[in-house]
Amino acid sequence: QVQLVESGGGLVQLGGSLRLACAASGVPLDYYAIAWVRQPPGQEREGISCIDALSDGSPDTTHYRNPVKGRFTVSRDDAKNTVYLQMNSLKPEDTAVYYCATDSKTRLCSWNTNDFDTWGQGTQVTVSS
């Protein structure tokens, strides 16, 4: 039912910034936890951030894995039905395909990418040194 589309990827220099967007239509994303997952070249997908849904008792609570903590910020714009990932102080190791994803059944955050049943198409982020 829920459909996700990422945008905003590109090439950026070391220390630069990008803002990724995860947009949907027809489904209010504020009732879904939205995770950001990345897949570096040759590696497996790894969850890096998540924003809680309104329905889980902790609306707008955000979560970050250590590699991005303090540099990345996830937020929600209800009017645009979009979740953003602001990425600052980018490093070459941040180079990856970035996905947004959700568990449409529980609508909860998870660090286990196998829990997600709905994924965007991904957007490439490349950080040059």
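A quick note: this is a predicted structure, and the numbers were derived from the prediction, not measured.

Re the nonpolar core
Point 1. Formed by 27 residues in total, the largest nonpolar core has its most connected members in Leu4, Ile34, Trp36, Phe72, Leu85, Met87 and Tyr98.
Point 2. Elements supplying a minimum of two residues to this core: strand 3 (18–23), strand 4 (34–39), strand 5 (46–51), strand 7 (72–77), strand 8 (82–87), strand 9 (96–102) and strand 11 (123–128).
Point 3. With residues up to four places along the chain from it excluded, the contact list for Tyr98 reads Glu6, Leu20, Val37, Arg38, Ile48, Phe72, Leu85, Met87, Gly122, Thr123 and Val125.
Point 4. Counting residues in hydrophobic clusters, the runner-up holds 6 residues, among them Ala35, Cys50, Ala101 and Phe116.

Notes on unusual backbone geometry
Point 1. Not every positive phi belongs to a glycine, and Asn81 is a case in point at roughly 50 degrees.
Point 2. Topologically, Asn81 is positioned in the loop between strand 7 and strand 8.
Point 3. With a relative accessible area of 15%, Asn81 lands in the buried category.
Point 4. Located in the positive-phi region is Arg107, a residue other than glycine, with phi close to 60 degrees.
Point 5. For Arg107, the location among the structural elements is in the loop between strand 9 and strand 10 (118–119).

A look at the state of the cysteines
Point 1. In this structure the tally under the stated criterion is 2 disulfides.
Point 2. Each sulfur of the disulfide joining Cys22 and Cys100 lies 2.1 Å from the other. Handedness of the Cys22-Cys100 disulfide follows from its S-S torsion of about 75 degrees: it is right-handed. Here Cys22 is found in strand 3, whereas its partner Cys100 is found in strand 9, with 78 residues between them in sequence. When sorted by exposure, Cys22 lands in the same class as Cys100, which is buried.
Point 3. Between Cys50 and Cys109 runs a disulfide, and the two sulfur atoms are separated by 2.1 Å. One disulfide, between Cys50 and Cys109, carries an S-S torsion of -95 degrees and so falls in the left-handed class. Taken together, the positions of Cys50 in strand 5 and Cys109 in the loop between strand 9 and strand 10 put the pair 59 residues apart, joining distant regions of the chain.

Definitions and cut-offs
Residues numbered from 1 in each chain as written. Predicted model: local features only at pLDDT ≥ 70, side-chain atom pairs only at ≥ 80, totals over all residues. Heavy atoms only, no water. Core = buried A, V, L, I, M, F, W, Y, C linked by side-chain atoms within 4.5 Å. Buried < 20%, exposed > 50% of the residue type's maximum accessible area, 1.4 Å probe, protein only. Helix = DSSP H or I, 4+ residues; strand = E, 2+ residues; numbered from the N terminus. Contact = heavy atoms within 4.5 Å. Disulfide = S-S within 2.5 Å.

Fair warning: the whole summary comes from geometry, so function is off the table for now.
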